[in-house]
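Chain and residue survey
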Amino acid sequence: MRLLTSITLLLALLLGAAGASAQEIGFSAQVDRNAIATGEYVKYTVNLTNSRERIESPSLGGLMVVQGPFDNSSFTIINGRMSGSTSRTWVLTATAPGKYTIGPARVRVGGGVIETEPITIEVTKGASQHSDPNATQGQSRDPNLFTTITLSKSKAYVGEQIVATYMLYSRYNSLETTKSDMPKLDGFWAENVELGETSWDPQLSTVNGLQYRTAVLKKQVLFPQKPGKQRIAPFTMECVVNRSFFNRGSAVEIRSNAAEVTVMALPPNAPPSFKGAVGELEMVVKADRTEVKANEAIELTVTYAGKGNLKLMDAPAFDFPGDFETYDPKVTDKISVSGSGMSGSRSYQYLVIPRHEGEFRLAPVEFSYFDTRSGSYRTVSGPALTVQVSPGDGGSAMIQRPNKSDVQVLGKDIRYIRTGDLGLHAADGHLFGSLPWLAGMGAPALGFILFLGWRRKREAQLRDVAGSRRKQADRVARKRLNEAGQALNNSDRAAFYDALGKALHGYIGDKFGLGPAEITAPRLREHFARYTGGEQVATEYIRMIEACDMARYAPVEDRPRQQLYDEAAALIGRTEQLVRS
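Worth saying up front: this structure is predicted, and the values here are computed from it rather than measured.

1. Some words on the overall build of the protein chain
Looking only at helices and strands, the protein chain has 8 helices and 31 strands in total. Expressed as a percentage of its 581 residues, the buried residues of the protein chain come to 36%. Accessible surface computed for the protein chain: about 34,500 Å², of which carbon and sulfur atoms make up 51%.

2. As for the nonpolar core
One finds F496, L500, I508, L524, F528 and Y541 to be the most contacted residues of the largest nonpolar core, which totals 35 residues. Of all the elements in the fold, those that place two or more residues in this core are α4 (465-489), α5 (493-512), α6 (521-528), α7 (534-553) and α8 (561-580). In terms of residue count, the dominant contributor to this core is α5 (9 residues). In contact with Y541, other than residues within four places in its own chain, are L504, Y507, I508, L524, F528, L571, I572 and T575. In this structure, V221, V292, M313 and V387 belong to the second largest nonpolar core, which totals 30 residues.

3. Quick word on the sheet that holds strand β21 (residues 259-264)
The strand order across the open sheet built from 3 strands is β12-β21-β18, with neighbouring strands paired in mixed fashion. In the strand order of this sheet, the two ends are held by β12 (155-157) and β18 (228-232), each with one partner. When strand polarity is set aside, the average angle formed by the axes of neighbouring strands in this sheet is 35 degrees. The pairing of β12 with β21 spans 3 bridges and is parallel. Bridge pairing in β21 places K155 opposite T262.

4. Looking at the pairing of strand β9 (residues 112-115)
On a regular strand, one side chain projects to one face of the sheet and the next to the other, so that they alternate. Here 4 bridges tie strand β8 (residues 106-109) to β9, and the two strands are oriented antiparallel to one another. Counterpart to R106 in the pairing with β9 is E115. Between β8 and β9, which pair antiparallel one after the other, the connecting turn spans 2 residues, and G110 there sits at a positive phi close to 65 degrees.

5. Topic: unusual backbone geometry
Phi angles above zero are rare outside glycine, and N242 is one such case at about 60 degrees. Tracing the backbone shows N242 in the loop between β19 (236-241) and β20 (250-255). Residue class for N242 comes out partly exposed when judged on its relative accessible area of 35%. Even without a glycine there, the phi angle at N269 is positive, about 60 degrees. When you line up the elements, N269 lands in the loop between β21 and β22 (274-287). N269 gets classed as exposed once you look at its relative accessible area, which sits at 74%.

6. Details of the pattern of salt bridges
Enumeration according to the criterion identifies 13 salt bridges in this entry. We note a salt bridge from R355 to E325, for which the minimum N-O separation is 2.2 Å. Of the two residues, R355 sits in the loop between β27 (341-354) and β28 (358-362) while E325 sits in strand β25 (residues 324-326), which places them 30 residues apart along the sequence. In this structure, the salt-bridge partner of E540 is R574, at a minimum N-O distance of 3.0 Å. With a gap of 34 residues between them, E540 in helix α7 and R574 in helix α8 connect regions that are remote in the sequence. Here E540 falls in the partly exposed class, since its relative accessible area comes to 24%. Assessed through its relative accessible area of 37%, R574 is described here as partly exposed.

7. Focus: the environment of S343
Inspection of the secondary structure assignment puts S343 in strand β27. Its relative accessible area of 22% is what places S343 among the partly exposed residues. Put simply, S343 and E280 are 63 residues apart on the chain and 9.3 Å apart in space, counted from C-alpha to C-alpha. Other than its neighbours up to four places away in sequence, S343 contacts G306, K307, L310, K334, I335 and S336.

8. Things to note about the sheet that holds strand β31 (residues 385-390)
An order of β23-β31-β28 is seen for the 3 strands of this open sheet, with the pairing classed as mixed. At either end of the open sheet lies a strand with only one pairing partner, and these are β23 (291-293) and β28. Mean inter-strand twist for the sheet, computed between neighbouring axes without regard to direction, equals 25 degrees. Pairing of β28 with β31, which is carried by 5 bridges, proceeds in the antiparallel orientation. Paired with E359 across the strands is Q388, a residue of β31.

9. Here's the deal with the side chain of S87
Considering the arrangement of structural elements, one finds S87 in strand β6 (residues 81-93). Every residue in contact with S87, bar those within four places of it in the chain, is listed here: T45, V46, N47, F70, D71 and N72.

10. A word on the confidence of the model for the protein chain
Scored by pLDDT, the protein chain comes out at a mean of 80, with 83% of its residues at no less than 70. Ignoring residues within four places in sequence, the model shows residues 8-22, a span with pLDDT below 50, making 5 contacts including any to other chains.

Thresholds, definitions, all that
Residues numbered from 1 in each chain as written. Predicted model: local features only at pLDDT ≥ 70, side-chain atom pairs only at ≥ 80, totals over all residues. Heavy atoms only, no water. Helix = DSSP H or I, 4+ residues; strand = E, 2+ residues; numbered from the N terminus. Buried < 20%, exposed > 50% of the residue type's maximum accessible area, 1.4 Å probe, protein only. Areas by Shrake-Rupley, 256 points an atom, 1.4 Å probe, with all protein chains shown as cover. Core = buried A, V, L, I, M, F, W, Y, C linked by side-chain atoms within 4.5 Å. Contact = heavy atoms within 4.5 Å. Pairing = 2+ DSSP bridges. Axes fitted to C-alpha atoms, helices over the stretch in contact; angles between N-to-C directions. Salt bridge = Lys/Arg side-chain N within 4 Å of Asp/Glu carboxyl O. pLDDT = per-residue confidence, 0-100.

The following block contains the structure:
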């Protein structure tokens, strides 16, 4: 009975297999919709039934992959008949309107090829496009990595401030910048905005349906110096993408767009007091006192404040009476340069000393500037000041001012005659032939010999590049470990793993004379195999570098950071002892 049951089951399986093989192979492609707007998604799926051959991916006709491909397989038995199916799915989008044709997918069965039908997708303009056309232009050059130059305004007057922003957009998980060449600015006076260390924005940016990591590479406040069409040339960057412990990555060179601004000349017939100030400004004039005695000092301060080219502004012109002794003004700047432009204040502090009694009138100070809000010149005046000077006490001014500059405090104004032992020598003493004379004559020759010896030793060290790297490997690694320790204390995850990875890679490369692309698992095992117990040390290095790379490029940490830091420091110390033994 058991033998009969086994034979029956075997026959059933053979019949089912024959039925399955006799079933017709199906191969088709479909989309969930044939019309989308830019930035919207379409799902494209290829289905293969009753065959397990490999599906050849089709040409997407210019559509961008947002996700995928995702593979799915299923196997069923119904009434003794077996059937299987395999599907592959992409999520696609388009960054510009138009018609896109997805080419046929192919599969090779037996001696022939089966193809799906092409599919056309109609893409219309989206309701909300990305606000920066430069990003759309950069995306058309390379949808995975591009840079942009964006100006805060496309038209400006001479001297009006413009904010230039240099942005980086990336869809790669790993990116390292190897070289960057920022453009030279002709026709602009520029001030850099302090941004600190360059880092990725925590929020993703979406450009025409594709999400990017973004970083601000640089910001500048530009002041055009001449009218006409002014152009900022593109800047270039060289990067390595998708680098990991087992992959040296791919080199990519990117180039930004060029930026242009139309610079308008300032209107003619400027006021006589106009000295080139442009922006949104105001002036404040004040004196610390207006009633003094002769030979007493008065502080007169003129402050310009607001938004504009404050660092290019000149001192105001005062018409002081001939009885007033005046000095060059002291300039005090409280100016900040940020992403919104240059703002703050610049103050000119005058020190004047009336030498005779009387009543003196100081004419009002006029200040003219070009107001960018109204597009016209504005003139403001300070108050007229009247200074009452009463007779002095007959003394000189109470301040020390030996020249027209900042006050210099003198320690003593009288040097007393020195008394006591003056260290004089006997009149009949001679330097020639004495011990100091012999030492002085022989010192140059001895110094020249020592210099030659040091130079030969230095040249030998410079020729031995590998030896210098080996000697400094431990010191350089400790420095990078200190950077990792600081990042650990600051809870900066990305900086910690970056510094720790550089410490491990750099130490191994310096110690064994390896380049970045040569630090692989087989090479590590080969070099450590020369030392007793080196195989275990090599294995620990490989595991630790893999842990750092995994944590840098994915949100995965296989052990606490403090533990990883301690293990890395101990491992470098063990390697030093191993190599020296």
